[in-house]
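Remarks on the overall topology
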Amino acid sequence: MEYKINVEITLDDYKAYNNDFLFARKKKLKILIFVLAVLLFALAFIDIILFKEKKSFIYFIPLIAFILFFIFYYCIFYPKRIEKIYKLDSHYYKTHEVTLCEDKITLITSRSSSNYFLDDIRSVLFGKKVIQIYVSTNSAVLIPRHCISEKEKEIEDFIKTYYVKSK
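The notes below deal with the structure included here.

Conventions adopted
- Residues numbered from 1 in each chain as written.
- Predicted model: local features only at pLDDT ≥ 70, side-chain atom pairs only at ≥ 80, totals over all residues.
- Heavy atoms only, no water.
- Helix = DSSP H or I, 4+ residues; strand = E, 2+ residues; numbered from the N terminus.
- Buried < 20%, exposed > 50% of the residue type's maximum accessible area, 1.4 Å probe, protein only.
- Contact = heavy atoms within 4.5 Å.
- Pairing = 2+ DSSP bridges.
- Axes fitted to C-alpha atoms, helices over the stretch in contact; angles between N-to-C directions.

1. Thoughts on the side chain of Thr99
- Within the fold, Thr99 resides in strand β2 (residues 96-100).
- Residue Thr99 is classed as buried on the basis of its relative accessible area of 6%.
- Once residues lying within four places of it in the same chain are set aside, the contact partners of Thr99 are Glu2, Tyr3, Lys4, Lys104, Ile105 and Thr106.

2. Here's the deal with the sheet that holds strand β4 (residues 113-117)
- In spatial order, the strands read β1-β2-β3-β4; together these four strands make up an open sheet with antiparallel pairing. Where the open sheet ends on each side, the last strands, each with one partner, are β1 (3-7) and β4. For this sheet, the mean inter-axis angle between neighbouring strands, taken without regard to orientation, is 15°.
- With five bridges connecting them, β1 and β2 associate as antiparallel partners. Looking across to β2, one finds that Ile5 is bridged to Val98.
- Its contacts with the sheet put helix α5 (residues 152-162) on β1 and β2, and the angle it makes with β1 is roughly 115°.

3. What about the pairing of β4?
- Two strands pair when backbone bridges link them, and strand β3 (residues 104-108) and β4 are joined in this way by five bridges, in the antiparallel orientation. Paired with Ile105 across the bridge in β4 is Tyr116.
- With antiparallel pairing between neighbouring strands as the criterion, β3 and β4 make up a hairpin whose turn holds four residues.

Note that every value here comes from positions in space, so none of it alone points to a role or purpose.
Structure (structure tokens):
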């Protein structure tokens, strides 16, 4: 069985792909939460031990600044950076063809043609807007759901059957 899909990745699709990539790594998120919890505990402990009577919260300022910087970066700079990358690389917004077969994926763009075999596929992520088939750590074949709306369930089952590796 073979599926040929004409893919046109919009800016919203590309942003969804990057957000899924950033937050799908549960290990990174758990490490970040753990580090923040340890920092908070350490600062609270230092505050209690050193300043029993003064109730000084000056040691919380670096932690608060770090959290505000992270929020500010993610809400303002990160979306602008993603948009710039999208606009600079015409590979994303030009139409290309993805062919899904039982043993490989063929990606044909205006610049090149690539074949990815089953051994090349590292993982598959089913996002709300984009299906991502990772062929390396940072590179994925993107299939926006709006491109496969009429056969979405059928293609998703095909991908789960042939490309998702069981642990």
